[in-house]
Amino acid sequence: MSLALKLSEEYFVYSNQSNLTSIAKLLSIDSTYYSASLGFFIGKENIIAMQTDFHSQYKKLFWGVDKVTEIKPNVIEIEFSFKGTSLDGLCSNRQGREHILVIDGLIQHIAVGL
């Protein structure tokens, strides 16, 4: 298993645990994040702040990994299914695609919804 695949797998495991401290350790200091629904975030600190806010809106959430492909060296494409229950009890179910770029052993960029 390549390092990029390993880091991507860990990212989803930690996301399902809402373990933002461990997610932060996977990100480079100047990493970037783009989501079609949430926008663009620059830097580890801003990404973790956004994810903290996102996770705090749910009492239950889970990303299922449906398919993982290393489409180029250090570029991982993940097809996922998200299920969550918000604090007010509304259920969310959606599928998506995420791309993770790994440089120098850390996640440099995450793109969701491309």
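Residues numbered from 1 in each chain as written. Predicted model: local features only at pLDDT ≥ 70, side-chain atom pairs only at ≥ 80, totals over all residues. Heavy atoms only, no water.

S.K.: Go over the side chain of Ser31, please, and point to the residues and values.
M.R.: Mapped onto the fold, Ser31 is located in strand β1 (residues 27-35). A residue is classified by how much of its surface remains accessible, and Ser31, at 0% relative accessible area, is buried. Within the structure, the side chain of Ser31 is placed 3.0 Å from the backbone oxygen of Ser28, a separation counted as a polar contact. Sequence-distant contacts of Ser31, defined by excluding residues within four places in its chain, comprise Phe41, Ile42, Gly43, Lys44, Ile47, Ile107 and Gln108. (Helix = DSSP H or I, 4+ residues; strand = E, 2+ residues; numbered from the N terminus. Buried < 20%, exposed > 50% of the residue type's maximum accessible area, 1.4 Å probe, protein only. Polar contact = N/O pair within 3.5 Å; in protein donor to acceptor, adjacent residues only side chain to side chain. Contact = heavy atoms within 4.5 Å.)

S.K.: I'd love a proper account of the environment of His55, names of residues and values included.
M.R.: The residue His55 is located in helix α3 (residues 44-56) in this model. Take His55: its relative accessible area is 10%, and that puts it in the buried class. Taking the C-alpha atoms as reference points, His55 and Ser86, separated by 31 residues in sequence, lie 9.4 Å from one another. Here His55 is in contact with Ser15, Ser18, Leu20, Leu61 and Trp63, once residues within four sequence places are set aside.

S.K.: Talk me through the nonpolar core; I want residue IDs and the actual numbers.
M.R.: If you look at the biggest cluster of nonpolar residues, it comprises 27 residues, and the most contacted ones within it are Tyr11, Tyr33, Ile100, Ile107 and Ile110. Listed by contribution, the elements that provide at least two residues to this core are α1 (3-16), α2 (20-26), β1, α3, β3 (58-72), β4 (75-86), β5 (91-103) and β6 (106-112). (Core = buried A, V, L, I, M, F, W, Y, C linked by side-chain atoms within 4.5 Å.)

S.K.: Before we move on, can you summarise the sheet that holds strand β2 (residues 39-42) with the specific residues and values?
M.R.: Strands sit in the order β2-β1-β6-β5-β4-β3 across an open sheet of 6 strands; the sheet is mixed. Of all the strands in the sheet, just β2 and β3 have a single pairing partner and so form its edges. Strand-to-strand, the axes of this sheet are offset by a mean angle of 20°, without reference to chain direction. Bridging between β5 and β6 involves 6 bridges; their strand directions are antiparallel. Note on β6: the bridge partner recorded for Val102 is Ile107. Against the sheet, α1 makes contact with β1, β3, β4, β5 and β6, and its axis sits at roughly 170° relative to β3, the strand it touches most. (Pairing = 2+ DSSP bridges. Axes fitted to C-alpha atoms, helices over the stretch in contact; angles between N-to-C directions.)

S.K.: Account for the pairing of β6, naming residues and giving values.
M.R.: A regular strand carries its side chains on alternate faces of the sheet. In terms of burial, β6 is largely enclosed, as 5 of its 7 residues are buried. Here β1 runs beside β6; their pairing, made up of 5 bridges, is parallel. Residue pairing across strands places Thr32 opposite His109, the latter belonging to β6. Linking β5 back to β6 in an antiparallel pair, the connection comprises 2 residues, with Asp104 at a positive phi of about 50°.

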